[in-house]
Amino acid sequence: ALCDEIFARGWQEATEVLAPYKEELGSGPDAQSLLTEGTAAFVTWALDHPGYAQLMFWRPIPHWEPSQAAYAPAMQLLDQTTRTLTVLQRQGSLRADADLDEATRLWTVLVAGVISQHLSNEPGTSVRDGRFTTLVPALIELFLTRYGATRRRRP
């Protein structure tokens, strides 16, 4: 029950951290700016709350998995991610033919990977100085290379 509470509370707090970016959606920021700012806020929150993050992104307790009720906030944030990508697609920032289910899954793998790599390899390093967290802009560039409305070329 305690792990369920921590897990659910972590996803609820993460959703609150991302709420301002949801509100900005549709008001003009381009996809790259929105993804960069939102991802930076989410990653920073996760690294500032490693106890939550470990339960949210890993399964450190053998045989424990969150109850359906505890998992609900995680699913709500996943749904919000898909809705965000849908709005970006409607705005023309993502390709019209982009598979948003695939894009959502890939996005979660990329962001959770940055968090996981940082927490497991550089737990005392700041977000600004981390070897993995400083890859967020490149991560977004890669994501937009695959799904962005305009294919991007590296300089």
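Per chain, the residues get numbers from 1 upward, laid out in the order the sequence is written. Whole-chain, interface and lining totals are the exception, using all residues; otherwise, since this is a predicted model, local features are given only for residues with pLDDT of at least 70 and side-chain atom pairs are given and counted only at 80 or more. Heavy atoms throughout the structure, all of them, feed into the side-chain values; hydrogens and water do not.

*Asks:* Before we go on, may I ask you to explain the packing of helix 2 (residues 31–48) against helix 5 (residues 100–121) in this structure?
*Replies:* As a packed pair, helix 2 and helix 5 sit with axes 10 Å apart at the nearest point and diverge in direction by 40 degrees. Considering their axes alone, helix 2 and helix 5 lie oblique with respect to each other. Between helix 2 and helix 5 lies a crossing whose hand is right-handed. Of the residues in helix 5, those touching helix 2 at L35, T39, F42, V43, A46 and L47 are W107, V111, V114, I115, H118 and L119. Its residues assigned to classes, the contact of helix 2 with helix 5 comprises ten nonpolar, two polar and no charged. To define axes, lines are fitted to C-alpha atoms, for helices over the stretch in contact only, and angles between the resulting N-to-C directions are given on a 0 to 180 degree scale. Secondary structure is summarised from DSSP: a helix means a run of H or I of at least four residues, a strand means a run of E of at least two, and numbering begins at the N terminus for each. Geometric relationships in this document are graded by angle, where less than 35 degrees denotes roughly parallel, more than 145 denotes roughly antiparallel, 65 to 115 denotes roughly perpendicular, and other angles denote oblique. The hand of a helix crossing depends on one turn: near helix anticlockwise from the far one by less than a right angle means left-handed, and clockwise means right-handed. Residue contacts follow a heavy-atom distance rule, with two residues in contact if any of their heavy atoms lie within 4.5 Å. Under the scheme applied, nonpolar residues are Ala, Val, Leu, Ile, Met, Phe, Trp, Tyr, Cys and Pro; charged residues are Asp, Glu, Lys and Arg; polar residues are all the others, including Gly.

*Asks:* So what exactly am I meant to see when it comes to the nonpolar core here?
*Replies:* Burial of nonpolar side chains together is a common tendency in soluble globular proteins. Each nonpolar core is a collection of buried residues, namely Ala, Val, Leu, Ile, Met, Phe, Trp, Tyr and Cys, held together in the definition by side-chain atoms within 4.5 Å. Accessible area is worked out with a 1.4 Å probe on protein chains only. A residue is then buried under 20% of its type maximum, exposed over 50%, and partly exposed in between. Counting residues in each nonpolar core, the largest one holds 41 residues, and the members touching the most others are W11, F42, I115 and F143. Elements represented by at least two residues in this core include exactly helix 1 (2–24), helix 2, helix 3 (50–57), helix 4 (68–90), helix 5 and helix 6 (136–147). Ranked by residues supplied to this core, first place goes to helix 2 with nine residues. Residues contacting F143, with those up to four places away along its chain left out, are L35, L85, A103, L106, W107, L110 and G148.

*Asks:* Would you mind going over the layout of surface pockets with me for this structure?
*Replies:* Regions of empty space are outlined by a rolling probe, equal in size to a water molecule, passed over the atoms. In this structure, the largest pocket encloses a volume near 740 Å³. Lining the largest pocket are 30 residues; nearest its centre among them are L18, L77, L78, T81 and T108. Only helix 1, helix 2, helix 3, helix 4 and helix 5 provide two or more residues apiece to the lining of the largest pocket. Among the elements that take part in the lining of the largest pocket, helix 4 stands out by supplying eleven residues, more than any other. With a 1 Å grid laid over protein atoms only, a set of points is called a cavity when a 1.4 Å probe fits there but cannot get out and a pocket when it is open yet has protein on both sides within 12 Å along at least five of seven lines; lining residues have an atom within 4 Å of a point. Grid points are joined across faces, edges and corners, and a volume is the space filled by probe spheres set on the points.

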